[in-house]
4 protein chains.
Amino acid sequence: MKKNKDPVYYGDYLGLDKLLSAQQPVSPQYGPEAHDETLFIIVHQAYELWFKQMIHELRSVLGIFREEHVADERLMTIVHRLKRMVTIQELLNQQINVMETMTAQDFLEFRDYLVPASGFQSIQFKEIEISLGVKRDKRIAFDQASFYNRINASDRAYLGSLEAQPDLFERVDAWLARMPFLQQDDFTFWEHYKNAIDQQLQHDEDIVRANSLLSDEEIAAELEELASTRENFSALFDSEKYQAMQDDGRVRLSQRAMQAALFIHLYSEEPVFNLPYQVLNALSDIDKNLTIWRYRHAMMVQRMLGSKIGTGGSSGHEYLKRTTEKNRIFADFMNLATYLLPKASLPPLPASVRASLRRGG
Amino acid sequence: MKKNKDPVYYGDYLGLDKLLSAQQPVSPQYGPEAHDETLFIIVHQAYELWFKQMIHELRSVLGIFREEHVADERLMTIVHRLKRMVTIQELLNQQINVMETMTAQDFLEFRDYLVPASGFQSIQFKEIEISLGVKRDKRIAFDQASFYNRINASDRAYLGSLEAQPDLFERVDAWLARMPFLQQDDFTFWEHYKNAIDQQLQHDEDIVRANSLLSDEEIAAELEELASTRENFSALFDSEKYQAMQDDGRVRLSQRAMQAALFIHLYSEEPVFNLPYQVLNALSDIDKNLTIWRYRHAMMVQRMLGSKIGTGGSSGHEYLKRTTEKNRIFADFMNLATYLLPKASLPPLPASVRASLRRGG
Amino acid sequence: MKKNKDPVYYGDYLGLDKLLSAQQPVSPQYGPEAHDETLFIIVHQAYELWFKQMIHELRSVLGIFREEHVADERLMTIVHRLKRMVTIQELLNQQINVMETMTAQDFLEFRDYLVPASGFQSIQFKEIEISLGVKRDKRIAFDQASFYNRINASDRAYLGSLEAQPDLFERVDAWLARMPFLQQDDFTFWEHYKNAIDQQLQHDEDIVRANSLLSDEEIAAELEELASTRENFSALFDSEKYQAMQDDGRVRLSQRAMQAALFIHLYSEEPVFNLPYQVLNALSDIDKNLTIWRYRHAMMVQRMLGSKIGTGGSSGHEYLKRTTEKNRIFADFMNLATYLLPKASLPPLPASVRASLRRGG
Amino acid sequence: MKKNKDPVYYGDYLGLDKLLSAQQPVSPQYGPEAHDETLFIIVHQAYELWFKQMIHELRSVLGIFREEHVADERLMTIVHRLKRMVTIQELLNQQINVMETMTAQDFLEFRDYLVPASGFQSIQFKEIEISLGVKRDKRIAFDQASFYNRINASDRAYLGSLEAQPDLFERVDAWLARMPFLQQDDFTFWEHYKNAIDQQLQHDEDIVRANSLLSDEEIAAELEELASTRENFSALFDSEKYQAMQDDGRVRLSQRAMQAALFIHLYSEEPVFNLPYQVLNALSDIDKNLTIWRYRHAMMVQRMLGSKIGTGGSSGHEYLKRTTEKNRIFADFMNLATYLLPKASLPPLPASVRASLRRGG
């Protein structure tokens, strides 16, 4: 390692002259400074610093996923960085507690001076959403109409170019879809698996019918749910049915990617699937933590504003609540549990698969 | 203090013979014991221990609120115990992380042996809900139909008797409604306040119209929201309109209680309102944490079961998500922010009020 | 509220041009950029933002404590802001988890380029320590020698001027010492209290002697501890003995302040003492959280560096561990539990005290 | 999967009749029940439930480590269960917050009735310590003398038999020591590595000497530290010197295990070392969390008791603080950072090693 060129000092290294001169409350222009305005500024600035870090990790993960073949060393790096993002998200969720130390009354002392600024204008937050895979056509109407109203042309262009690039969902879908074991003309395995699932669902049906604690209406509802599960399951292997599920938004992954994800979950205890399984888990955790953040943030906004307009001119919490569920990205992974089998029923992993993954998957 | 009668030993004192013999997995009846069944049992047992503690604190708080006049010493005790409940809830929410260390696959190894047991049968959890104020007629249909199907007659009777008693919501409503300052024939204050609010809402309307970043549709939506706020606000002082809001579930507090809660929030910085304000805050926190728990729990169930039936014969996560918002108890407090005024616009606290509270409120 | 002068935009309001251009890794000067250097920078920058917020709250609390008489409204503000500091500290302690996602190996990729920068050069952190009350003469030798070596003349002068001002410990000591009830010539109360304590300590001694599970050595050790407690207790009321305890660092509060703090704890359930008690509790929590942070930080440094030199040229973790206990500020409050009495033994609160506090304490 | 034999009901399944009848406060024998005694009981019972879970995971991990060759599938299970223990520990550390909602005053209302019960008598906690590897001869004197005074003969025998069995530290040491790559007569690698380390330490020395911010005393201290590091490092490869380090307690791992652990850290990014590296990390995390718990618990006891005797007849917090550092188990892993090299200086992994690990390590 080369000797460092010049001595490095803490304050310079961290750009503290910039960082610590960036807090410019506006309330003093109108009267005595509102004490809590500094908190409001610093909470948002801390969020923006962490957003920058999330983007730094995301970009590196997206870069690795671009590779035609993602070797195990690279998968280890992906898992490591996705897990770091999860750890940061846990901090960001707890950070809401700090904002909650500000009362609605104290916010009212300077809120009106901030119009029309709003968290909706955080370019980095939108970058994170876009890069993860919140699709524009899936955004709720409010966002589609307003998305570009609030930001300048340069930012608009930047986000537009981001949306044109493959996002993490797409990269992961492609990576799953090209998993070597799917190039097998080995339908015997899938037949074996389908039979095992059919038996499992029949077993579930027997359980429902035999459940003495359920009312007739409940039994009917359960059987309807099971029928729906059977349908969804058969769609896993029927291209037309699967396309229909994609068209009405019930699934998002491509069919091949869904089969691969299912396969990885079924055989998650096989060492060759250890790293892919950890990747899918980390993505589910990121999705979960982002959803929790949206929900907690919506509740905090509600307590801060009641039903009044947010500074950005929208009823903050209603908007945030509507986006909480609609902006899920990796929900398909969460639903895979529907299609698992007890280990005893699981067909043995085809030897050809184990070999192909050792060669390089 | 009297000298203790007999030496007390740790294991006896904590009833460890009972506590640590209460873990009886059922999987061994069917084959090798499922390793994760112990975790499943202990997580639920830990929840039940904490539910018992929550009930212990709730009962004592309910007892204090029964008093005709709740003196400051007693309010301090209430605040202390409500805050303890909030601290326990934070632990219970984090406890979900421990359950999440079990994979859906590992759960599948013993799930079917547990039928029809389900968290829906936790009597203590229902006791907490009922005692806080989750009203039976407000429960979703599923609960109303199934509530008594799954529990035995003795538990049914117990919960029925609980539902017949005043819950915490009702006690708090009554306590707020009898706050002395409302017995004032001092409508000058409310007139002054109404005018200030009208000005505030007009100001908000000006902000919306002047917001260059909003589209016409957005402006229209905002103005509609403001009109709705004006309506709700006027209902605060109009018995008929207020009753209508109660009838269609937009508010839950009685009109007098709502006015008192509003008053306390407006003057939260007055020392005489310090303790009442902390009570309302703690109740909001309890409601918030319970809501977060429901949401996180629903997500965990979804990941564990997919869309399949839970052990209790219902599609666990869908049920839980529907109850997340519908079972809010103290949501009215969160909406009070709609009716706040900046301090400069706030009418001075009537002297008669300060005096009446000193005498004893 | 005046209408705001100009529209305020999110990015401008938060100074994002400055904030997000302050991340300048140095590793690119030597080769490919070390991926984790950005994390290292952003973690420290986030800490510095929160340090700024802590200082903002600290300064306001110090300002209020300067007043000759701190009215209840002001005490409420103090408690609110101290509790906010506690909430921020909880976030800062959890933030260590984020740094811990960096491996020692990955740190090694750019560590040497940062020499001699070090967290020891954080001026804001030192400001927090000084303002809370970490006294220079109590700092360990390493700090005394090196304190001014690493920082420039301007920062040196600034911290020097801070040290010359009363810190929070001193302000709190003075506030406690001037509590009106101590101006009572009412020694009957203290006599009553001393007798009750003597009885309590005798009772504790009986318990020790009667404890069949203790060995003779243990009993001897316990009795020695009790004798020491008796000594410390009598020193509470004997100026010479108390001075001796201060001289050898066993207590830090002035005698009058210690008596007031004790009084507040004894009667913490009296409404007149509610706010003072919450102040002391918040200060203990701040001290506790800072101590936990030092400890966790030391462990993290050890894992990151082993026993090697930190970037600032000192064996980081050894230093940090030595400062963990030595830099306690409000430890006296934690030790008050030694002098409590069961409620039944507590002398009734003198009427004169209650009256004097109502008049204004 | 077989159909379950009988319907299983929630309350029966969880043994709630036992669990919820195990709370037997003693204060009612002496007067009105102390409200907080239930909290005290339930906090400790929750700890004991989680201790049981920790033991369940520990035993299974110990069982797997008994195997002569631990295949990757088994390592995955070990990592999964160790990480679960870490997640539980995080909950247990947060649980201290719940106990901290009890004031010293409220504890005093029933403390004396509990004599001589004490957490020192938790058999499960001692089992966890013993099973992890807290060695009896390393326990502080207080423990050695008192360990058997406070527990009955049956528990004494049980713990004695546990101490006679290999603990996790020993199992891990043996597993590391038999790693195949150490059976190489490939000293060329170690020579290459030693040279690289020598260069690294020389480089560190140059940095110290060139650090203009250090005083002469500091430079001397640093160079002394480096000399010590050189000594410790050479001991890694010199059996006599290493034995001396073991004899005076500076290291605990066997020499072969230490070399293996070092190797794994050096090449932690190689996929073949992914799982072993995760094992070592999880063990470090368990050690870290246990240490944090001891420290936080000591502070809580201090606040609760001051310097007075704990219920078990010892000055609780002093004892706990002394054990915090002395009872570290896997500290050797934390110190490995001392011996790392930047990737550019790292010798390439010998091909023979990669092959031997693929065959089965």
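Residues numbered from 1 in each chain as written. Chains lettered and ligands numbered in written order. Predicted model: local features only at pLDDT ≥ 70, side-chain atom pairs only at ≥ 80, totals over all residues. Heavy atoms only, no water.

An unreviewed UniProt entry annotates chain A as Tryptophan 2,3-dioxygenase of Aliidiomarina shirensis. Recorded in UniProt under Subunit (unreviewed entry), the annotation for chain A is "Homotetramer." (UniProt positions renumbered as here; feature names shortened; annotations may be inferred.)

Further remarks concern the interface of chain C and chain B. Many authors give the size of an interface as the accessible area that is lost as the parts come together. Each partner contributes residues to the interface: chain C has 19 residues there, and chain B has 19 residues. For the pair chain C and chain B, the two sides together bury roughly 1400 Å², of which 65% comes from carbon and sulfur. Between chain C and chain B we count zero salt bridges in total. In this assembly, chain C and chain B are joined by zero residue pairs in polar contact (both at pLDDT 80 or more). Mapped by element, the contributors of at least two residues to the side of chain C that touches chain B are α4 (72–99), α10 (187–210) and α14 (274–305) of chain C. At four residues, α4 of chain C tops the list of elements feeding residues into the side of chain C that touches chain B. (Contact = heavy atoms within 4.5 Å. Buried area = accessible area lost by both parts, 1.4 Å probe. Salt bridge = Lys/Arg side-chain N within 4 Å of Asp/Glu carboxyl O. Polar contact = N/O pair within 3.5 Å; in protein donor to acceptor, adjacent residues only side chain to side chain. Helix = DSSP H or I, 4+ residues; strand = E, 2+ residues; numbered from the N terminus.)

What follows deals with the nonpolar core. Of all hydrophobic cores here, the largest spans 223 residues; its most connected members are Leu168 and Leu176 of chain B together with Leu168 and Leu176 of chain D. Counting residues in hydrophobic clusters, the runner-up holds 220 residues, among them Tyr13 and Ala260 of chain A together with Leu82 and Ile219 of chain C. (Core = buried A, V, L, I, M, F, W, Y, C linked by side-chain atoms within 4.5 Å. Buried < 20%, exposed > 50% of the residue type's maximum accessible area, 1.4 Å probe, protein only.)

Turning to its location among the elements, Thr103 of chain D is positioned in the loop between α4 (72–99) and α5 (104–108). Here Thr103 of chain D is in contact with His80 of chain B, Tyr277 of chain C together with Met304 of chain D, once residues within four sequence places are set aside.

Further remarks concern the UniProt feature "binding site: substrate" (unreviewed entry) in chain A. Residues annotated in UniProt with the feature "binding site: substrate" (unreviewed entry) correspond here to Phe40, Ile41, Ile42, Val43, His44, Arg111 and Thr311 of chain A. For Phe40 of chain A, the location among the structural elements is in helix α3 (residues 37–65). Here Phe40 of chain A is in contact with Met99, Met102, Phe107, Phe110 and Leu114 of chain A together with Tyr13 of chain C, once residues within four sequence places are set aside. Summarising the element assignment, His44 of chain A is placed in helix α3. At 2.8 Å, the side chain of His44 of chain A and the backbone oxygen of Phe40 of chain A are in polar contact.

With numbering aligned to this structure, UniProt lists the feature "binding site: heme" (unreviewed entry) at His297 of chain A. Its place among the elements puts His297 of chain A in helix α14 (residues 274–305).

As a further point, take the relation of the copies chain C and chain A. Rotating chain C by 180° and translating it 0.0 Å along the rotation axis places it on chain A, where the RMSD comes to 0.0 Å. Each copy turns onto its partner about a two-fold axis. When the interface residues of chain C are mapped onto chain A, 100% of them again fall at the interface, so both copies present the same face. (Least-squares fit on C-alpha atoms with pLDDT ≥ 70 in both.)

Time to look at the interface of chain C and chain A. Chain C puts 73 residues into the contact, and the matching count from chain A is 73 residues. Of the roughly 6700 Å² buried between chain C and chain A, counting both surfaces, carbon and sulfur atoms make up 63%. When residues of chain C are sorted by the area they lose upon contact with chain A, Tyr10, Tyr13 and His35 of chain C head the list and together hold 13% of the total. Across the contact surface, chain C and chain A share two salt bridges. When the shortest N-O distance is used, the salt bridge between Asp36 of chain A and Arg84 of chain C registers 2.9 Å. In this structure, the connection of chain C to chain A is made through 32 residue pairs in polar contact (both at pLDDT 80 or more). Looking at the side of chain C that touches chain A, the elements with two or more residues in it are α1 (10–13), α2 (16–19), α3 (37–65), α4 and α5 (104–108) of chain C. Top element by residues in the side of chain C that touches chain A is α3 of chain C. It accounts for 18 residues. In terms of residue class, the side of chain C that touches chain A is made up of 31 nonpolar, 25 polar and 17 charged. (Nonpolar A, V, L, I, M, F, W, Y, C, P; charged D, E, K, R; others polar.)

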